[in-house]
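Geometric and topological summary
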Amino acid sequence: MSGSSSLFASLAQFGGLLFFAALLLLWLRTRSPWLLAGMMASALSLLCRVGFLFDAAGLSQMPVFMGVWQLAGLIEAVCLLGYAIAEYSSARGVRAP
């Protein structure tokens, strides 16, 4: 069973890295501050995932760690939404706030 759980943990790490790479590629093209903030939150989320791999039992008992990890994920989503709204507005010729 531990073989399959380490496989799933590796897939989760890979997914996080792919998401970060996608944000990086978009940022290199547009230099959007939304994407830069999203990349920072994504990097923090990846660090939390790596830390969780090494000490899941200890870190899962730390409410601050779990809160930071969840907040980083929320910030990633908000930044991606902000970027999408800004791109949509600029495509329509409307100035974003």
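See above for the structure.
Description of the overall build of the protein
- Helix and strand content of the protein: four helices and zero strands.
- Ordered by position from N to C terminus, the α and β elements of the protein give α-α-α-α.
- In the protein, which comprises 97 residues, the proportion classed as buried is 23%.
- Across the protein, every contact between residues at least 6 apart in sequence was considered, and the portion connecting residues at least 24 apart equals 57%.
- Roughly 6,700 Å² of accessible area belongs to the protein as shown, and the carbon and sulfur atoms make up 74% of that amount.

Description of a nonpolar patch on the surface
- A grouping of Trp34, Leu71, Leu74, Ile75 and Val78 is seen on the molecular surface, where their side chains present a nonpolar patch of about 450 Å² in accessible area.
- Looking at the nonpolar patch element by element, the count peaks at four residues for helix H4 (residues 63–92).
- Structurally, Trp34 can be placed in helix H2 (residues 33–54).

Things to note about the packing of H2 against H4
- Closest axis-to-axis distance for the H2/H4 pair is 8 Å, and the angle between their directions is 155°. What the angle tells us is that H2 and H4 run roughly antiparallel. In this structure, H2 meets H4 at a crossing whose hand is left-handed.
- For the contact of H2 with H4, the class distribution of residues is 18 nonpolar, four polar and two charged.

Remarks on H2
- The first and last C-alpha atoms of H2 sit 32 Å apart over 22 residues, in line with the 32 Å expected at 1.5 Å per residue.
- When H2 is considered as a whole, its buried residues turn out to be Leu35, Gly38, Met39, Ala41, Ser42, Ser45, Leu46 and Cys48.
- The N-cap of H2, judged by a side-chain oxygen 3.2 Å from the amide nitrogen of Trp34 a few residues on, is Ser32.

A few points about the packing of aromatic side chains
- Inspection of the entire model under this criterion finds three aromatic pairs.
- Pairing Phe52 with Trp69 gives two aromatic rings, centres 5.2 Å apart and planes at 55°, and the pair type is tilted. Of this pair, Phe52 sits in helix H2 while Trp69 sits in helix H4, placing them 17 residues apart in sequence.
- On the accessibility criterion, Phe52 (26% relative accessible area) is partly exposed.
- On the basis of relative accessibility, which here comes to 17%, the residue Trp69 falls in the buried class.
- A connected cluster of aromatic rings, assembled from ring pairs, spans Phe52, Phe65 and Trp69.

Conventions adopted
Residues numbered from 1 in each chain as written. Predicted model: local features only at pLDDT ≥ 70, side-chain atom pairs only at ≥ 80, totals over all residues. Heavy atoms only, no water. Helix = DSSP H or I, 4+ residues; strand = E, 2+ residues; numbered from the N terminus. Buried < 20%, exposed > 50% of the residue type's maximum accessible area, 1.4 Å probe, protein only. Contact = heavy atoms within 4.5 Å. Areas by Shrake-Rupley, 256 points an atom, 1.4 Å probe, with all protein chains shown as cover. Patch = residues over 30% accessible without salt bridge, like charges linked within 9 Å, V, L, I, M, F, W, Y side chains within 5 Å. Salt bridge = Lys/Arg side-chain N within 4 Å of Asp/Glu carboxyl O. Axes fitted to C-alpha atoms, helices over the stretch in contact; angles between N-to-C directions. Parallel < 35°, antiparallel > 145°, perpendicular 65-115°, else oblique. Left-handed = near helix turned anticlockwise from the far one by under 90°. Nonpolar A, V, L, I, M, F, W, Y, C, P; charged D, E, K, R; others polar. Expected span 1.5 Å × (residues − 1). Polar contact = N/O pair within 3.5 Å; in protein donor to acceptor, adjacent residues only side chain to side chain. Phe/Tyr/Trp six-rings, centres within 6.5 Å; stacked < 30°, edge-to-face > 60°.

Interpretation note: all reported values are geometric properties and have no functional meaning in isolation.
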